[in-house]
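In case you want the letters, here they are:
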Amino acid sequence: SDLEYPDIGGFGNCLLSINYQDNRGVASNLDSNYFGCINLVTVDFPSRDESNRPFGKNKIRSLRNTFEGCTSLTNVGFLTTNVVSQWGNTFAGCTSLQTIPNYDYSSVRFFNSTFQNSGLVKFDSAVPFGAGAENFRDCWNGCSNLRDFAPGQFDNILQSTVGKSSLVFAFGRTFQGC
């Protein structure tokens, strides 16, 4: 089904760009921070935080619903995602978003609906999904523009389950509509 994002008024209509200067104000999760910001076009993260570490390293653990419904979003900068386990709906409904940086998905547990109905054309990552990944339901569902999917993304999951049961409990409709 198509996701719909109504005009929520106020904050969601006036935010055009986000430029993080440092890590100080960043919590361990950015859940729903920009949900429905229909005019948001770009998000920039600094390459280093105030301690000269890669921005977000060992800090951000959840991006659930962070940019969901940001229909004008075209550019999201790189941030270190080495401990992010919750990605559900992060870019769902971002119809203008065609590419994203090669993030680290090694700590993923929940990747459900992450790109559902987005404009994503290519998917790649810094490293394949980790063996602890559990949920990919609807992840790329409705991504009719997705044409390039890097090989080996699921290798760690598949190799870790040889001779035992898989942690993956939901893979339904993952690529439906692609």
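Nothing here was measured: the structure is a model prediction, and the numbers come from that model.

Broken down by element type, the chain carries 2 helices and 5 strands. Listed N to C, the secondary structure of the chain is α-β-β-β-β-β-α in terms of helices and strands. Residues classed as buried in the chain amount to 49% of the 178 residues present. By sequence separation, contacts in the chain at least 24 residues apart represent 69% of the contacts at least 6 residues apart.

Summary statistics for the chain give a mean pLDDT of 81 and a share of 74% for residues scoring 70 or more. The weakest mean pLDDT in the chain belongs to helix H1 (residues 11–14) at 52; the strongest belongs to strand E4 (residues 122–123) at 93.

With that out of the way, let us pick up the pattern of salt bridges. Evaluated as defined, the whole model comprises 3 salt bridges. The partner of Asp31 in a salt bridge is Arg64, and the shortest N-O contact between them spans 3.3 Å. Here the residue Asp31 occupies a position in the loop between strand E1 (17–19) and strand E2 (42–44), and Arg64 occupies one in the loop between E2 and strand E3 (75–76), the gap between them amounting to 33 residues.

What follows covers unusual backbone geometry. Unlike most non-glycine residues, Ser32 shows phi in positive territory, near 60°. With respect to the secondary-structure elements, Ser32 resides in the loop between E1 and E2. Despite not being glycine, Arg173 shows a phi value in the positive range, around 55°. Along the chain, Arg173 turns up in the segment after helix H2 (155–159).

What follows is about the environment of Lys59. With respect to the helices and strands, Lys59 occurs in the loop between E2 and E3. You can call Lys59 partly exposed: its relative accessible area is 27%. For the pair Lys59 and Ser28, spaced 31 residues apart in sequence, the C-alpha separation works out to 5.5 Å.

Thresholds, definitions, all that
Residues numbered from 1 in each chain as written. Predicted model: local features only at pLDDT ≥ 70, side-chain atom pairs only at ≥ 80, totals over all residues. Heavy atoms only, no water. Helix = DSSP H or I, 4+ residues; strand = E, 2+ residues; numbered from the N terminus. Buried < 20%, exposed > 50% of the residue type's maximum accessible area, 1.4 Å probe, protein only. Contact = heavy atoms within 4.5 Å. pLDDT = per-residue confidence, 0-100. Salt bridge = Lys/Arg side-chain N within 4 Å of Asp/Glu carboxyl O.

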